[in-house]
Amino acid sequence: MTSLLQLRKVQAGRDYIASNINEPFSLAGAAVCANMSPYHFCRTFKKAYGETPNEFLVKLRINKAKQLLVTENYSISDICDQVGYQSLGSFSSLFQKHVGIAPTQFRKKIWALSSQAFHYPIHVIPSCYSFRLTQCLSN
Amino acid sequence: MIKSIAHVTAYVINQDEALDFYTNKLGFEIGDDMVVEGGFRWLTVYPASQPQLQLVLAELKEGPMFSEDTAARIKSLVEEGALGVGVFETEDCHKTYEELLAKGVEFIQPPTEQLYGIEAMGKDNSGNWFSLTQPKK
């Protein structure tokens, strides 16, 4: 089990990653924040959170990209840049891999489902939290 | 067969204030924060080491979940401390208690020996109680 001290240290590195998602990933930088070697940081991170620092970063970047695709009208290139990818090809491939469809398709699909511009459709949240509205929409 | 619990709900008075409490005082991470049709804000947080379980911070106001009347009735229950969020586990109840106390978290019971471990009882800034428990090994 990860000790409280280790968890606190690795959390500092995790916070560093989370607040720098728009920058090129620096494992060394995160490890310095955690006061650990990069190798030890990766091992401790995986043990504490069940995912590697890179997997955590990709998850954050994809979630941020999804949010920007739905709630803003930025170009895909701008979004790619805002979530820390320098290559549009790499970003699109990763997005496709994690979400199942390309960024442009994702935006079109969500916007088509929503009755309000720049809002997520009600169907993206569990129905038990939205039953009154879904009832209204279906009537 | 049900595999796991993915979401549980905390009914809160104000989402911004609840978000500040759960992230800046309890150290939770933000899961989802999105506005859906009808202006409903879907806001979830989770303990950093347990991203699989999302705590939904559901604001008590008229919307896709509640009528105005239902929201008002639940709000009064939350404010009088009749509802709880659940049990938060820690490796060291005394230490976490001191840390949270220093951050201004309100406790209604200090760390106390129980049959199942050491437990303190706290309240979030809406009025929901929570148990801070160091399980017995």
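Residues numbered from 1 in each chain as written. Chains lettered and ligands numbered in written order. Predicted model: local features only at pLDDT ≥ 70, side-chain atom pairs only at ≥ 80, totals over all residues. Heavy atoms only, no water.

Student: Tell me about helix α6 (residues 88-99) of chain A, and name the residues and values.
Tutor: All names here are of chain A. Given a rise of 1.5 Å per residue, 12 residues ought to cover 16 Å, and the 16 Å separating the end C-alpha atoms of α6 matches this to within 8%. Two or three places before G89, at the opening of α6, S87 has a side-chain oxygen 3.3 Å from that residue's backbone nitrogen. Backbone geometry just after α6 places G100 at a positive phi near 100°. (Helix = DSSP H or I, 4+ residues; strand = E, 2+ residues; numbered from the N terminus. Expected span 1.5 Å × (residues − 1). Polar contact = N/O pair within 3.5 Å; in protein donor to acceptor, adjacent residues only side chain to side chain.)

Student: Residues and numbers for the interface of chain A and chain B, please.
Tutor: On the chain B side, the residues contacting the 30 residues of chain A number 28 residues. When the buried surface of chain A facing chain B is broken down by residue, A:L4, A:Y129 and A:R132 rank first, second and third, together holding 30% of it. Taken together, the connections running from chain A to chain B amount to two salt bridges. Note that A:R14 and B:E29 form a salt bridge whose closest N and O atoms lie 2.7 Å from each other. Applying the counting criterion to the chain A and chain B interface returns eight residue pairs in polar contact (both at pLDDT 80 or more). Those elements that provide at least two residues to the side of chain A that touches chain B are α1 (4-18), α3 (38-49), α4 (53-71) and α8 (131-138) of chain A. Sort the elements by how many residues they give to the side of chain A that touches chain B and α1(A) lands first, with five residues. Of the residues in the side of chain A that touches chain B, the class split is 16 nonpolar, nine polar and five charged. (Contact = heavy atoms within 4.5 Å. Buried area = accessible area lost by both parts, 1.4 Å probe. Salt bridge = Lys/Arg side-chain N within 4 Å of Asp/Glu carboxyl O. Nonpolar A, V, L, I, M, F, W, Y, C, P; charged D, E, K, R; others polar.)

Student: I'd like to hear about the domain arrangement of chain A, residue by residue, with values.
Tutor: All names here are of chain A. Parsing chain A into structural domains produces domain 1 (1-50) and domain 2 (61-139). At the interface, five residues of domain 1 touch seven residues of domain 2. Here domain 1 packs against domain 2, burying approximately 390 Å² in sum over the two surfaces, 51% of which is carbon and sulfur. Sorting the residues of domain 1 by area buried against domain 2 places I21, N22 and P24 first, and these three jointly supply 87% of that buried surface. Linking domain 1 to domain 2 there are zero salt bridges. Taken together, the connections running from domain 1 to domain 2 amount to two residue pairs in polar contact (both at pLDDT 80 or more). (Domains from an automatic or database assignment.)

Student: Now, about the environment of B:W129: what can you tell me, with residues and values included?
Tutor: Residues and elements named next belong to chain B. Among the secondary structure elements, W129 is positioned in strand β8 (residues 129-135). Under the relative-accessibility criterion, W129 is labelled partly exposed at 30%. Residue contacts for W129: discarding those within four places in its chain leaves G81, A82, L83, G84, V85, G86, I108, M121, G122 and K123. (Buried < 20%, exposed > 50% of the residue type's maximum accessible area, 1.4 Å probe, protein only.)

Student: An account of the nonpolar core is needed here, citing residue identities and associated values.
Tutor: Counting 31 residues, the largest nonpolar core has A:F91, A:F95, A:I125, B:V36 and B:W42 as its most contacted members. Element by element, the count of residues in this core is highest for α4(A), at six residues. Excluding residues that lie within four positions of it along the chain, A:F91 makes contacts with A:A65, A:I76, A:I79, A:C80, A:V83, A:Y85 and A:P103. Listed in part, the 23 residues of the second largest apolar core include B:L19, B:Y22, B:L55 and B:Y97. (Core = buried A, V, L, I, M, F, W, Y, C linked by side-chain atoms within 4.5 Å.)

Student: If you had to explain the environment of B:V45 to someone new, which residues and values would you point to?
Tutor: Residues and elements named next belong to chain B. You can see V45 is positioned in strand β3 (residues 41-46). A relative accessible area of 0% places V45 in the buried class. Considering only alpha carbons, one finds V45 and A58, 13 residues apart in sequence, at a separation of 11 Å. Contacts of V45, omitting those with residues within four sequence positions, involve L19, Y22, T23, F28, E29, I30, G31, L53, Q54, L55 and L57.

Student: Explain the sheet that holds β8(B) to me, and be specific about the residues and the numbers.
Tutor: Residues and elements named next belong to chain B. In spatial order, the strands read β5-β8-β7-β6; together these four strands make up an open sheet with mixed pairing. In the strand order of this sheet, the two ends are held by β5 (84-89) and β6 (106-114), each with one partner. Put simply, the sheet's adjacent strands are angled 15° from each other on average, direction ignored. The sheet contact formed by β5 and β8 spans five bridges and is parallel. The residue of β8 that forms the bridge with V87 is S131. Most of the contacts of helix α3 (residues 93-102) go to β6, to which it runs at about 170°, and overall it touches β6, β7 (117-123) and β8. (Pairing = 2+ DSSP bridges. Axes fitted to C-alpha atoms, helices over the stretch in contact; angles between N-to-C directions.)

Student: Mind laying out the pattern of salt bridges, listing which residues take part and the relevant values?
Tutor: For the structure shown, the criterion picks out seven salt bridges over all chains. Across the pair A:K59 and A:E51 runs a salt bridge, and its minimum N-O distance is 3.1 Å. Overall, A:E51 belongs to the buried group, its relative accessible area being 12%. For B:R73, the salt bridge is made with B:D69, and the minimal N-O distance between the two is 3.3 Å. Of this pair, B:R73 and B:D69 both sit in helix α2 (residues 68-79), four residues apart, which is roughly one turn of the helix. Owing to a relative accessible area of 51%, B:R73 belongs among the exposed residues under this scheme.

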